[in-house]
Amino acid sequence: MANLETSFAGLSLRNPLIAGSSGLTNSLSKIKEMEQAGVGAIVLKSLFEEQIESHSEKLASISDYPEAVDYINTYVKMNHVEKYLDLIRSAKEECKIPIVASINCYKQDRWTDFAKSIENVGADALELNVVMLNAGDFDSNYLENTYVSIVRDLKKTIRIPIVVKLAKNMTNLPGLVSKLKSLGVNGIVLFNRLYQLDIDIENMEIVSGPVFSHPSDFSDTLRWTAIVSGKVPDVDIACSYGVHSWEDVVKGILAGASAIQLCSMLYEQGLDSVGNIITCLEEWMEQHNYTTIDDFRRKLSFSNVPDPTLYERVQFMKYFSNYKQ
Ligand SMILES: Cc1cc2nc3c(=O)[nH]c(=O)nc-3n(C[C@H](O)[C@H](O)[C@H](O)COP(=O)(O)O)c2cc1C
């Protein structure tokens with residue numbers, strides 16, 4: 001019988017499937033359904049710093065009194081935070097699997113107090129979703145330096161495991177992951193999916209792009225999981241972005257992931273897909289004589305394949321010359 005237990009970022013999981021942060025993890029009833037469906041851990045919907053800021057600014061703008069502005073700012077902030085802390089408390093009371101809180105932020109100073117409260121109410125870990133684009137006049141190390149300073153600050157504040165969810169727009173991903181690991185980060189999620197946009201050519205305006213990922217998005221996730229797991233020794237990676245089938249789960253683990261986050265797939269295929277993945281994963285492991293996840297994890301990472309350049313240059317010439325016009 002296959003044993004699906006694994007560990008990610010210091011957390012023991014009954015299986016490698018993690019429900020990624022989204023609207024599917026924003027209430028106690030949904031979290032309980034998710035646990036019932038069989039996932040190994042849950043990342044709660046992020047507490048968005050921008051959301052808090054914009055709410056409080058909107059309310060503040062209708063008041064003429066500076067003291068009132070202060071009061072409103074504090075009230076709105078506390079209200080959001082209190083609700084979030086309640087969600088963690090109740091999830092911890094009612095669920096057995098690890099509950100990971102999530103903060104979506106872009107600056108170092110505004111939310112570290114929340115992080116301490118999150119730890120105090122019993123979250124098993126904190127996932128950090130630092131959302132930034134270097135579209136300004138910042139120097140080329142700006143994004144990396146921001147991640148490093150945020151983690152350094154947070155490490156002084158909390159003791160629970162810290163997971164950093166990275167976007168794809170990093171210049172030197174293995175270098176950054178290595179730096180974060182040396183600062184004490186316990187797990188890395190590859191990748192976060194940024195809000196997608198599009199242009200409406202009739203109405204001449206910017207509109208939303210697709211909300212969900214596509215199976216073809218997984219190729220990048222796989223490549224970078226293999227490269228980072230091969231180049232940064234003992235790093236705990238959770239694959240995310242583009243996982244749409246049980247085969248993707250197997251591939252992610254072969255590339256080096258300790259855990260796999262699911263989001264779009266759960267929206268599109270429903271929570272029953274979790275049970276299906278577990279059954280297929282067990283069957284695949286039995287067919288290939290693997291007893292544990294560690295028996296095949298990293299088997300095809302950058303450091304374990306005979307020709308790692310396949311992950312790097314991907315042989316453009318050969319690839320395109322085979323294409324029949
Ligand atoms: C509706 C929706 C809401 C999301 N909300 C959050 C969020 O609050 N925090 C976060 O870190 N990621 C959020 N995400 C991103 C997902 O956690 C995930 O990283 C991304 O969708 C890529 O994974 P997928 O290909 O499995 O969907 C959201 C995604 C969707 C589709």
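Just so it is clear, the model here is predicted, and its values are computed rather than measured. (Residues numbered from 1 in each chain as written. Predicted model: local features only at pLDDT ≥ 70, side-chain atom pairs only at ≥ 80, totals over all residues. Heavy atoms only, no water.)

## Thoughts on the overall build of the protein chain
Right, on to step 1. If you tally the helices and strands in the protein chain, you get twelve helices and 13 strands.
Right, on to step 2. Burial analysis of the protein chain (325 residues in total) assigns 48% to the buried set.
Right, on to step 3. Accessible area for the protein chain stands at about 16,800 Å²; split by element, carbon and sulfur atoms hold 51% of it. (Helix = DSSP H or I, 4+ residues; strand = E, 2+ residues; numbered from the N terminus. Buried < 20%, exposed > 50% of the residue type's maximum accessible area, 1.4 Å probe, protein only. Areas by Shrake-Rupley, 256 points an atom, 1.4 Å probe, with all protein chains shown as cover.)

## Focus: the site of the ligand
Right, on to step 1. Neighbouring the ligand are 19 residues, the closest being Ser46, Asn129, Ser213, Gly242 and Ser264.
Right, on to step 2. At a separation of 2.7 Å, an oxygen atom of the ligand approaches a polar backbone atom of Ser21.
Right, on to step 3. When its residues are assigned to classes, the shell around the ligand shows seven nonpolar, nine polar and three charged. (Near = heavy atom within 4 Å. Polar contact = N/O pair within 3.5 Å; in protein donor to acceptor, adjacent residues only side chain to side chain. Nonpolar A, V, L, I, M, F, W, Y, C, P; charged D, E, K, R; others polar.)

## What about the nonpolar core?
Right, on to step 1. The biggest cluster of nonpolar side chains holds 86 residues, and the ones touching the most others in it are Leu126, Leu166, Leu180 and Phe296.
Right, on to step 2. Setting aside chain neighbours within four positions, we find Leu166 in contact with Tyr147, Leu173, Leu176, Val177, Leu180, Ile188, Val189, Leu190, Phe191 and Asn192.
Right, on to step 3. If you look at the next biggest cluster of nonpolar residues, it comprises 13 residues, including Val43, Val100, Ala125 and Ala259. (Core = buried A, V, L, I, M, F, W, Y, C linked by side-chain atoms within 4.5 Å. Contact = heavy atoms within 4.5 Å.)

## Focus on helix α5 (residues 142-157)
Right, on to step 1. In a regular helix each residue adds 1.5 Å, so 16 residues correspond to 22 Å; α5 covers 23 Å between its end C-alpha atoms and thus fits that length.
Right, on to step 2. For α5, every residue scored as buried is listed here: Leu143, Glu144, Thr146, Tyr147, Val148, Ile150, Val151, Asp153 and Leu154.
Right, on to step 3. Lining the buried residues of α5 we find α4 (112-120), β7 (125-130), β8 (162-166) and α6 (173-182). (Expected span 1.5 Å × (residues − 1).)

## Considerations on helix α1 (residues 28-37)
Right, on to step 1. Taken together, the buried positions of α1 are occupied by Ile31, Met34 and Glu35. Viewed end-on, α1 has its buried residues packed into an arc of 100 degrees, placing them on one side of the element.
Right, on to step 2. Where α1 ends, the next residue or the one after it, Gly38, has phi of about 120 degrees, a positive value. (Arc of directions from axis to C-beta.)

## Describing the pairing of strand β9 (residues 187-190)
Where a strand is regular, its side chains alternate between the two sheet faces.
Right, on to step 1. What you see with β9 is no split at all: Gly187 and Val189 on one side and Ile188 and Leu190 on the other are buried throughout.
Right, on to step 2. As defined by bridge partners, β8 adjoins β9 across four bridges and the pair is classed as parallel. When the bridges of β9 are listed, Lys165 appears paired with Val189.
Right, on to step 3. Pairing geometry for β9 and strand β12 (residues 237-239), over three bridges, is parallel. The residue of β12 that forms the bridge with Leu190 is Cys239. (Pairing = 2+ DSSP bridges.)

## Quick word on the packing of aromatic side chains
Right, on to step 1. Tallied over the entire structure, the rule returns four aromatic pairs.
Right, on to step 2. Each ring, one from Trp284 and one from Tyr290, has its centre 5.6 Å from the other, and the planes form 35 degrees; the classification is tilted. Of the two residues examined, Trp284 and Tyr290, each falls in the buried class.
Right, on to step 3. Across the ring face of Tyr241, the terminal group of Lys168 is positioned such that the distance to the ring centre comes to 4.2 Å. (Phe/Tyr/Trp six-rings, centres within 6.5 Å; stacked < 30°, edge-to-face > 60°. Lys NZ or Arg CZ within 6 Å of the ring centre and 35° of its normal.)

## Here's the deal with the packing of helix α7 (residues 218-231) against helix α8 (residues 246-255)
Right, on to step 1. At a minimum axis distance of 8 Å, the contact between α7 and α8 shows a crossing angle of 25 degrees. One element, α7, and the other, α8, form an angle in the roughly parallel class. Across the interface between the two elements, Phe218, Leu222, Thr225, Ala226 and Ser229 of α7 pack against Asp248, Lys251, Gly252 and Ala255 of α8.
Right, on to step 2. Counted by class, the contact of α7 with α8 contains four nonpolar, three polar and two charged residues. (Axes fitted to C-alpha atoms, helices over the stretch in contact; angles between N-to-C directions. Parallel < 35°, antiparallel > 145°, perpendicular 65-115°, else oblique.)

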